Every structure is written in C-alpha cells, then in structure tokens.
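So you can see what is in the structure, the chains are spelled out below.
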Amino acid sequence: MNAKDFLTIKDFSPAEIQYLLTLGRQVKTHPTTYSETLKRKTLAMIFEKPSLRTRVSFDVGIQQLGGFSIYLSPAEINLGKRESVYDVAKNLERMVQGIMIRTFAHEIVEQMAEYADIPVINGLTDYSHPCQALADYMTMWEAFGKLQGLKIAYVGDGNNVAHSLMFTGAQAGAHVWVATPPGYEPKADAARWASERGRETGATCTVTNDPQEAVSGADVVYTDVWASMGQEAETAKRKQIFAPFQVNQELFQRARNGAIFLHCLPAHRGEEVTADVIDSPRSLVFQQAENRLHAQKAIMIELMKGEFVKLPDLAELRELAHV
Ligand code: CP
Ligand code: NVA
C-alpha cells in the first residue's frame, strides 16, 4: 500500500481494503506487538463536529501505538474563517506526523490532503465515513467469518455512513441494499461507483424505497440517525418522513435467522431503531464501536509508520556552539 491519505474507501483496491481489515484484526489480537510502532509521533485531530467514538478511539489508538494526539476543536481553528485550510495544513505538517479531520464538505478534507505533506485521515464528512466502514466490515467478518456474498441491508437516510458502507461492500464482494424514503437516496455517483467496482469483486449494490425487500433474508441490518450532524433543523420533518423506515422487531424478523444488527452510533432509540432490536443479543453495536479503535490503529500504522525526524544530538550541538 503506498497511499499517503485515507480519504475514501474508493481510493483503494479490494486487496488493500482486505489488507487493512486483516491488519485491524491482527492489531486487535496482538496489541502489544504494535505498542512502539508510532513512537513519539503526533496526530492532530481537527473536529468541526461533535464526536465520542472518533475522538476517543483515535486518541487512545495513537497512544497505544506509542504516540500522542492533540485535540483541536472548532474554537481553536475555526477552519476557513480564522485561518485557511492551506495555512492550517502548512503549519501542522511542520509539527505533527498526521492529521485526522472531521468536517462538513468533503472537499475540505481533499484540500487538506493536497496541501499537507503528511497523512490526512477522514474522520467523517457530509459525504463519507470510511473509518466507520472499516470497523463495520471488521465486525461482520468476525461475526460471519467472511464478507464475500453477505447481504447487508442499510435502512434509513442515504448519507455519509450509507456511502461508505456501499463502497466497502463493493470492495469486499458483498451485496449491499440501501432502502430510503424517496428523495433521500444515496448520491447517484456513489451507487454507480459501487456497482462498477462490484463487477470486479462479485458485489452488487441495490438502492430501493422498500425496506421490507431490502431486509428480506439479510445477514446484516444496519441503520443510522435520520438527521445527521448539520441537519438539525430538519429533525422534525425527517421524523415523519422516515417513520416507515424504523428498524423494529417486525422489520428485523424479515432478515435471516442469525442476522446481526449494526449502527454506527449515536443511536436514538424509538426513532431509527427500537430498543428491543438495538439492545437484543443480535445487536453487535458495541463490538462495532470497539472495532473503530483497532481499524484506525491499522490505518495509522499504515500511513504514519515512515521515518520520523530524529532528535538532534545534543553533545554535537554543544560542541558546534562552543558551550
Ligand atoms: N460513529 C461515530 O463516528 O461516532 P462519533 O460521532 O461519536 O465519533
Ligand atoms: N450520519 C451521521 C453519522 C454519525 C457518526 C452524521 O453524520 O451525523
């Protein structure tokens, strides 16, 4: 793998995604092997939206690899207003060895990656959530021992999480069904890309407005909040529109016996999912959340493992300075 950045699952080959998933599982079972892999390296974490899982898993993850993190909230950077993306990138590349960024427009993450000479990791944009998808497929692999041929039904909003689920399913040879209300489908380019990549891997991607059809015989039933971060003003309207897309027992029972339930979290019980589904033994949402840690350690290892600038030899410096 020779990628500098981790911006979207689409940037990688099926084999590279398989490799990252394998490394994630290896890191999970043998964490101490990697406890010095990123020794003294620092990850800057830029958050323009709230977070629990992404912040904690990157922070803990880099520490478990021997490094450090710096949390930069909207108040510190105020990206694009207090300081341009270009200037932030050019400053940070002088001081840290990697940037994780959670923001709104996907273009901001692309610009950051273009301007910074250090790895940039997408911690969620309005378009995609690739770190989440790696953890999702790691969880499915643990549950079923394979990814090829699984039927994955995503029910709800055709959002960032849906896009990354579609991309990764296409890379892994899975059959991803996305059921949304009319007008809330995933972006057409995302569905097109997933179908095209699927021709190489045996995957399919089907977008429908029928949740029952999507969930029928599925191995995995997945949902996400109806109003994403930045869409708070639409919450009441969306609650009405999305009501028939709630993952409840009646819908979940259409999946095959032994199906699992996944949710990227945060979840709103009684809205996109009922408590009797998310809190049932079929739900692996906390294993899925934990896998964020392992999957992202794999990403950081792969992107940030390169040579680190060595500390100057102090004796040599003193001699040069005659002190
Ligand atoms: N799933 C996820 O990304 O959670 P946070 O928004 O809490 O980081
Ligand atoms: N679609 C959600 C995912 C949160 C992890 C959002 O963007 O708010």
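Reference entry: report on the structure contained in this document. Quantities reported herein were computed from a predicted structural model and do not represent experimental measurements.

## A look at the site of ligand 2
Right, on to step 1. Around ligand 2 sit Leu124, Asn159, Asn160, Val161, Asp224, Val225, Ser228, Met229 and Leu265, and that is every residue in its neighbourhood.
Right, on to step 2. One nitrogen or oxygen atom from the side chain of Asn160 is found 2.9 Å from an oxygen atom belonging to ligand 2.
Right, on to step 3. Met229 places a polar main-chain atom, nitrogen or oxygen, 2.8 Å from an oxygen atom of ligand 2.
Right, on to step 4. Protein chains shield 95% of the accessible area of ligand 2, which is 270 Å² for the free molecule.
Right, on to step 5. Looking at the shell around ligand 2, its residues break down into 5 nonpolar, 3 polar and 1 charged.

## Examining the environment of Ala143
Right, on to step 1. Looking at the secondary structure, you find Ala143 in helix H6 (residues 130-144).
Right, on to step 2. The partly exposed category is assigned to Ala143, whose relative accessible area is 36%.
Right, on to step 3. Excluding its chain neighbours within four sequence positions, the residues that come into contact with Ala143 are Ile260 and Leu284.

## Looking at the pairing of strand S5 (residues 151-155)
Right, on to step 1. With 5 of 5 residues buried, S5 lies mostly within the body of the structure.
Right, on to step 2. Side chains of S5 alternate between two faces, with Lys151, Ala153 and Val155 and Ile152 and Tyr154 buried alike.
Right, on to step 3. Two strands pair when backbone bridges link them, and S5 and strand S6 (residues 175-179) are joined in this way by 5 bridges, in the parallel orientation. Bridge pairing in S6 links Val155 to Ala179.
Right, on to step 4. Read as a crossover between parallel neighbours, the route from S5 over helix H7 (residues 160-172) to S6 is right-handed.

Reading the values: the criteria
Think of each chain on its own: its residues are numbered from 1, step by step along the sequence as written. For this description, chains carry letters from A and ligands carry numbers from 1, given in the order in which they are written. In view of the model being predicted, local features appear only for residues whose pLDDT reaches at least 70, and side-chain atom pairs are presented and counted only at 80 or more, with totals across whole chains, interfaces and linings using the full set of residues. Here the side-chain values reflect all heavy atoms present in the structure, with hydrogen atoms and water set aside. When we say a residue is near a molecule or strand, we mean one of its heavy atoms is within 4 Å of it. We call two N or O atoms a polar contact when they sit within 3.5 Å, provided that within protein one can donate a hydrogen and the other can accept it, with sequence-adjacent residues counted only if both atoms are side-chain atoms. Residue-level accessible areas treat just the shown protein chains as cover; the underlying method is Shrake-Rupley with a 1.4 Å probe. Amino acids outside the nonpolar list (Ala, Val, Leu, Ile, Met, Phe, Trp, Tyr, Cys, Pro) and the charged list (Asp, Glu, Lys, Arg) are all regarded as polar, and Gly is one of them. Segments assigned H or I by DSSP are reported as helices when at least four residues long, segments assigned E as strands when at least two residues long, and all are numbered from the N terminus. Only protein chains enter the accessibility calculation, which uses a 1.4 Å probe; a residue is then buried when its area is under 20% of its type maximum, exposed when over 50%, and partly exposed in between. Any pair of residues with heavy atoms lying within 4.5 Å of one another is described as a contacting pair. A pair of strands is considered paired only if DSSP assigns at least 2 bridges between the two. Handedness of a crossover is defined as follows: with both strands directed away from the viewer, a clockwise route from the first strand across the helix to the second makes it right-handed.

Fair warning: the whole summary comes from geometry, so function is off the table for now.
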